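# Architecture at a glance
Spelled out, the chains give:
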Amino acid sequence: MPHPVVAFLGIGLMGRPMAARLAGAGLYPRVWNRTLAKAQALAGSGAIPCASVEEAVSGAAIVISMLEAGPIVGATIEAALPAMTPGTLWIDMSSTRHDEALAFHARLTGQGMRFLDAPVSGGVGGAEAGTLAIMAGGSLHDFNEAAPVFAPMGNAQLVGPQGSGQVAKLCNQLIVGATINVVAEALLLAQAAGADPGAVREAIRGGFAGSRILEVHGQRMLDRNFMPGGQVKSQLKDLRNVLAAAGEAGLVLPLTSAAAQSYESIEGELPHADHAAALLALEKLNPGQRVGTQADQLP
């Protein structure tokens with residue numbers, strides 16, 4: 001069976017390895033980015049750089065967007081619609097608000113298109129390895145059609161109707177954002193109380209406190225490596241979206257609020273640092289306390 005024509009919009013930290021995975025699987029996506037050089041850098045992988053959104057989506061059966069935030073996704077949809085063929089399946093893999101995903105669905109289906117919201121978790125490492133967790137909202141028919149495109153990028157799960165993918169991502173980011181902050185507190189407490197924080201992390205890895213966050217971001221904190229994978233600004237955007245969804249549902253989420261406040265305290269100075277920089281926010285609250293002696297690695 002011939003592969004569908006795929007357009008991939010957004011060649012950022014996550015989009016670049018995701019599009020490269022598609023090219024490596026023989027899908028050879030048309031790639032577009034506002035900064036054309038980022039799309040052109042993928043030409044060697046077999047991807048096809050396009051100078052405009054219209055060029056990328058024209059004749060495509062599947063359009064994938066991996067963009068910074070909901071307003072940019074919405075503007076890109078508006079730019080693309082005049083060049084799209086009715087029946088095209090748009091898969092938004094960005095992280096947006098639930099209400100934005102529903103608006104994208106309404107806009108696209110109103111023009112004869114189809115829509116899946118399919119945000120991801122796993123960071124740049126997961127994107128490079130093709131092991132992303134993909135949380136999809138939409139119809140089973142559209143999800144099955146997208147399965148060969150999802151496969152090179154990671155493991156996809158249909159979690160409900162349109163908008164449900166973003167709900168799942170919000171739940172994911174709630175757990176990630178809060179847990180990163182808890183790991184930072186544990187390591188700083190170990191250091192301040194006279195224990196070796198690296199040894200403490202090693203001792204608890206196999207118990208109930210063990211987690212992927214303790215494994216990856218705990219080590220980043222010990223190494224003081226805050227070069228970006230997931231960024232502070234992105235984590236904060238997601239946590240704000242969680243709080244907006246909670247407000248709509250009439251919920252109070254105190255741990256999410258505390259995690260958001262932590263990231264807000266360093267948003268201005270370290271927006272592009274890895275979200276493990278929650279440790280730096282915590283150290284600001286505790287003058288004179290610091291995990292380890294290594295110099296900070298910052299973007």
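Residues numbered from 1 in each chain as written. Predicted model: local features only at pLDDT ≥ 70, side-chain atom pairs only at ≥ 80, totals over all residues. Heavy atoms only, no water.

### As for the overall build of the protein chain
A count of helical and extended segments in the protein chain gives 13 helices and nine strands. A compact globule built from 299 residues should have a C-alpha radius of gyration of about 19 Å, and the protein chain, at 20 Å, falls within 12% of that. With respect to the principal axes defined by its C-alpha atoms, the protein chain has extents near 65 × 45 × 35 Å. Across the 299 residues in the protein chain, those meeting the buried criterion constitute 47%. Contacts spanning at least 24 positions in sequence make up 66% of the contacts within the protein chain whose residues lie at least 6 apart. (Helix = DSSP H or I, 4+ residues; strand = E, 2+ residues; numbered from the N terminus. Rg over C-alpha atoms; globule rule 2.2 N^0.38 Å. Buried < 20%, exposed > 50% of the residue type's maximum accessible area, 1.4 Å probe, protein only. Contact = heavy atoms within 4.5 Å.)

### As for the environment of R114
Its location among the elements puts R114 in strand β6 (residues 114–117). For the pair formed by R114 and W90, sequence separation is 24 residues and the distance between their alpha carbons is 6.0 Å. Excluding its chain neighbours within four sequence positions, the residues that come into contact with R114 are G87, T88, L89, W90, H141, D142 and E145. In this structure the side chain of R114 is engaged in a polar contact, spanning 2.8 Å, whose partner is the side chain of E145. (Polar contact = N/O pair within 3.5 Å; in protein donor to acceptor, adjacent residues only side chain to side chain.)

### A look at helix α5 (residues 98–110)
An ideal rise of 1.5 Å per residue puts 18 Å on 13 residues; α5 measures up with 18 Å between its terminal C-alpha atoms. Among the residues of α5, those classed as buried are E100, A101, F104 and L108. Angular distribution of buried residues about the axis of α5 spans 100°; they occupy a single face of the element. Taken together, the buried residues of α5 touch α4 (70–80), β5 (89–92), β6 and α8 (164–192). In the stretch just after α5, G112 is the one whose phi turns positive, near 85°. (Expected span 1.5 Å × (residues − 1). Arc of directions from axis to C-beta.)

### Description of the environment of L170
With respect to the element layout, L170 can be found in helix α8. Linking L170 and N241, residues 71 residues apart in sequence, is a C-alpha distance of 7.2 Å. Once you skip the residues sitting within four places of it in the chain, L170 turns out to touch D238, N241, V242 and A245.

### What about the nonpolar core?
As a rule of thumb, nonpolar side chains are buried together in soluble globular proteins. Within the largest apolar cluster, 31 residues are counted, with the highest numbers of intra-cluster contacts made by F8, M18, I64, I91, M93, F150 and M153. Those elements that provide at least two residues to this core are β1 (6–9), α1 (15–24), β4 (62–65), β5, α6 (123–129), β8 (132–137) and α7 (140–150). Ignoring anything within four residues of it in the chain, the contact list for F8 reads G15, M18, A19, L22, P29, R30, V31, W32, I64, M66 and M153. Ranked by size, the runner-up nonpolar core spans 28 residues in total, among them V183, A184, Y263 and L280. (Core = buried A, V, L, I, M, F, W, Y, C linked by side-chain atoms within 4.5 Å.)

### Focus on the pattern of salt bridges
Within this structure, the stated rule accounts for 17 salt bridges. A salt bridge links E100 to R97; the nearest nitrogen and oxygen atoms lie 3.3 Å apart. In this structure, the salt-bridge partner of R220 is D274, at a minimum N-O distance of 3.8 Å. Here R220, found in helix α10 (residues 212–223), pairs with D274, found in the loop between α12 (254–267) and α13 (278–285); they are 54 residues apart in sequence, far enough to count as distant. By the burial criterion, R220 is buried, and D274 matches it. When salt bridges with common partners are traced through the structure, they connect R224, E283, R290 and D296 into a single cluster. (Salt bridge = Lys/Arg side-chain N within 4 Å of Asp/Glu carboxyl O.)

### A word on the packing of aromatic side chains
This model, assessed by the stated rule, comprises two aromatic pairs. Note on F104 and F115: the rings are 6.4 Å apart at their centroids and 70° apart in plane angle, and the pair reads as edge-to-face. Of this pair, F104 sits in helix α5 while F115 sits in strand β6, placing them eleven residues apart in sequence. Across this residue pair, the class does not change: F104 and F115 are buried. Where F143 meets F150, the ring centres are 6.0 Å apart and the plane angle is 40°; that geometry is what we call tilted. The residues F143 and F150 share a single accessibility class, namely buried. (Phe/Tyr/Trp six-rings, centres within 6.5 Å; stacked < 30°, edge-to-face > 60°.)

### A closer look at the side chain of T76
Tracing the sequence through the fold places T76 in helix α4. A relative accessible area of 6% places T76 in the buried class. For T76, the contacting residues outside a window of four places in its chain are L9, W32, V53, L67 and W90.

### Concerning the pairing of β5
Burial along β5 is two-sided: the face carrying L89 and I91 and the face carrying W90 and D92 are both buried. As paired elements, β4 and β5 share four bridges and run parallel to each other. What sits directly across from S65, in β5, is D92. Once you follow β4 into α4 and on to β5, the crossover reads as right-handed. Strand direction decides the pairing type here: β5 and β6, joined by four bridges, are parallel. Bridged to D92 within β6 is D117. Note on the crossover from β5 through α5 to β6: the handedness is right-handed. (Pairing = 2+ DSSP bridges. Right-handed = clockwise from strand over helix to strand, strands pointing away.)

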